[in-house]
Amino acid sequence: MARDSKVWRCGKYELKFDRPRIMGVLNVTPDSFSDGGEHLDTDAAIAHGLKMLDDGADIIDVGGESTRPGFTPVDPDTEAQRVLPVVKALARAGAIVSIDTRHVEVAKAAVRVGASIVNDVTGFTDPRMVDFVKDSDCGLVVMHAGEVGEFERPRTHTAVQLDTSAAAFMAEKAREAEAAARALGATGKSKRAAKAKLISGMIQPLQPQLPFDAAAVGPNGDAAALGDESPAAESEVVALDMPQSAAVAAEPAVAGDDLASVMARSAARTGSGNRTSQLRRFTLPDSAPIMRRVMGFLSDQARALIHAGVDRERICLDPGPGFGKDANEDIVIQREMGKIASLGYPTLCAVSRKRLVGAIAGVEDAHDRDIATFGVCLGAIEQGANIVRVHDVAGFYQFLNGFWAIARPQPRRAYVALGSNKGQREENIRAARDLIAQIPMTCVSASSRIYESEPAYETRQPAFANAVVEIKTELAPLILLEELMKIEQKLGRTRGKGTRPNGPRVIDCDLLWMDNEIHGGEKLRLPHPGLGERDFVLVPLEDLMHNPARFFRYEGLDVKEPEDRVGHVVAELGTL
């Protein structure tokens, strides 16, 4: 998968997937399973979000309500008070912000203050949420939350029947028999007799012929008992074979919030081990019914959103690991991520520090599961996942860059602006160009001429010499930026406290733009926020591309007319 042609449109941003994208987890909650309470303070949450951007995150996913098993529901007002200041601050810093919420009121407010993505744990089963997003342009993460999705789904559309098991077929026939008996006016006793006769006549032909081991076969060729034959054990097996919706109906309801009650039932059932405690011949359950359930829901919801008026390129799918599924089922789903990716939507892997990772790695403490998380995420990327949602952004960014450099050779075009107004201006620019050519996995493919320009922003200083070089690089943007900062230091420029950001300088190396890269934060903004207003950048770019103003406007930048720009070019100084 050297290049994935999928596109995810999220408000004013357009994410492309020639590289996997990293979504950083920012829980502004007191009770999240891994980092609850760490970022509940608004300032601490904003600082952590900015750090994740500088560590390599492409998206920050902000959540104000924990949905861990046994979670306490949060009302929309409380959730909004937690997340809105954080969303607003990160959006102002140029971040692509995702709001992780199931409340339409919170989603509306977050999008209004700058969020570009709505990540709905209930998979957009709330008609009010659908009404909101169909009239917006934000990106959507449709998540499968196990029983949550099936509990909510009838409110929006009729579900496709995906359960083809024998138990489901028998249950359907039993309902038909009961309806027929009722139509004929049969008594209660005759109804029960007719139903029992129908089921007893169907059990034999529907019973699968399993290849039992010799030790498990009785003297007459009958299957011998495996495990406990008590009525309790028998009822457990029946419950396991029931369609999921029937099993949910059989469990006692929990009062209160809909999602909370369903999640509580899921947690109780998963914790009991009932679903996987029966003896099996294989290490994991059959993938077919699990994937039919998950993919059926995701594709149903995606189609429902499209029919409601949502553009297909706004939709991303998340199978929802840890939600209404046990560890075995989650591992099956991660192994089959390629099937979800084949539906044609961007696909999210959100396994960070979750139970399935702990089960695989044998790690109890969620904070110690990051290394195993990276391995599971890499497996999902190999299966076609486009986005990974992680807590340890810095660690995964380093891990991904290491893997991608070796396994996915992929030179990308970028533009670097060079400027100097101290010392030998032209020689400084030529020296910077030569040092850029020495950066690992990078080459200089073209150079503009050198131009003289008026100072911009701070006008009381000497005129600048400026040029732009086109490079090809296999480095990630933040890694390339670090290399450019090293070149500035080597040529004698110092940055930091006590220096004037727009004052005189020996050399300035600005990363302007890179193929398919969008980035926000304090360390790096891509595309460069000043690109569209700087004459001393746009004029040299005309040597390297046809009509750069039109090109960058198509990329979504506000490119000003020549008379409205800063740092006007006044002369040509020669070739680079």
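Predicted model, so just to flag it, every value in this text is computed and none were measured.

## Digging into the pattern of salt bridges
And then number 1: Under the definition given, this model contains 38 salt bridges.
And then number 2: The partner of Arg389 in a salt bridge is Asp100, and the shortest N-O contact between them spans 3.5 Å. One end of the pair, Arg389, is in strand β10 (residues 387–390); the other, Asp100, is in strand β5 (residues 96–100), with 289 residues separating them in the sequence.
And then number 3: Between Arg534 and Asp510 there is a salt bridge, with its nearest N and O atoms 3.6 Å apart. Of this pair, Arg534 sits in the loop between β15 (508–514) and α19 (535–541) while Asp510 sits in strand β15; the two residues are 24 residues apart in sequence, bridging distant segments of the chain. Judged on exposure class, the residue Arg534 and its partner Asp510 are both buried.

## Some remarks on the pairing of strand β2 (residues 13–17)
And then number 1: Judged by which residues are buried, β2 turns out to be one-sided: Tyr13, Leu15 and Phe17 face inward and are buried, whereas Glu14 and Lys16, on the alternate face, are not.
And then number 2: Hairpin connection between strand β1 (residues 4–10) and β2: a loop of two residues separates the two successive antiparallel strands, and Gly11 in this loop has a positive phi of roughly 60°.

## Some thoughts on unusual backbone geometry
Most of the time, phi is negative for any residue but glycine, and the peptide bond is trans.
And then number 1: The linkage connecting Leu526 with the following residue, Pro527, adopts the cis geometry, with an omega of -10°.
And then number 2: With respect to the helices and strands, the residue Pro527 is situated in the loop between β15 and α19.
And then number 3: The backbone of Asn547 sits at a positive phi, close to 50°, despite the residue not being glycine.

## Considerations on the sheet that holds strand β7 (residues 139–143)
And then number 1: Across the sheet, eight strands lie side by side as β8-β7-β6-β5-β4-β3-β10-β9; this open sheet has parallel pairing. Each end of this open sheet is capped by a strand with a single partner; those strands are β8 (315–318) and β9 (348–349).

## A short note on the nonpolar core
Side chains of nonpolar character tend, in soluble globular proteins, to be buried together.
And then number 1: Counting 100 residues, the largest nonpolar core has Val62 and Leu484 as the members making the most contacts within it.
And then number 2: Residues in contact with Leu484, not counting those within four places in the same chain, are Val416, Ile436, Ile439, Cys509 and Leu511.
And then number 3: Grouped together as the second largest cluster of nonpolar side chains are 17 residues, Tyr415, Ala456, Val537 and Ala549 included.

## Looking at the packing of aromatic side chains
One pair of aromatic rings is described through two measures. These are the centre distance and the angle between the planes.
And then number 1: Applying the stated rule across the entire model yields eight aromatic pairs.
And then number 2: Aromatic ring contacts, followed pair by pair, group Tyr415, Trp513, Phe551 and Phe552 into a single cluster.
And then number 3: Across the ring face of Tyr345, the terminal group of Arg312 is positioned such that the distance to the ring centre comes to 4.1 Å.
And then number 4: Here Arg408 stacks its cationic end above the ring of Trp404, 5.4 Å away from the centre of that ring.

Scoring rules and cut-offs
- Residues numbered from 1 in each chain as written.
- Predicted model: local features only at pLDDT ≥ 70, side-chain atom pairs only at ≥ 80, totals over all residues.
- Heavy atoms only, no water.
- Salt bridge = Lys/Arg side-chain N within 4 Å of Asp/Glu carboxyl O.
- Helix = DSSP H or I, 4+ residues; strand = E, 2+ residues; numbered from the N terminus.
- Buried < 20%, exposed > 50% of the residue type's maximum accessible area, 1.4 Å probe, protein only.
- Pairing = 2+ DSSP bridges.
- Core = buried A, V, L, I, M, F, W, Y, C linked by side-chain atoms within 4.5 Å.
- Contact = heavy atoms within 4.5 Å.
- Phe/Tyr/Trp six-rings, centres within 6.5 Å; stacked < 30°, edge-to-face > 60°.
- Lys NZ or Arg CZ within 6 Å of the ring centre and 35° of its normal.

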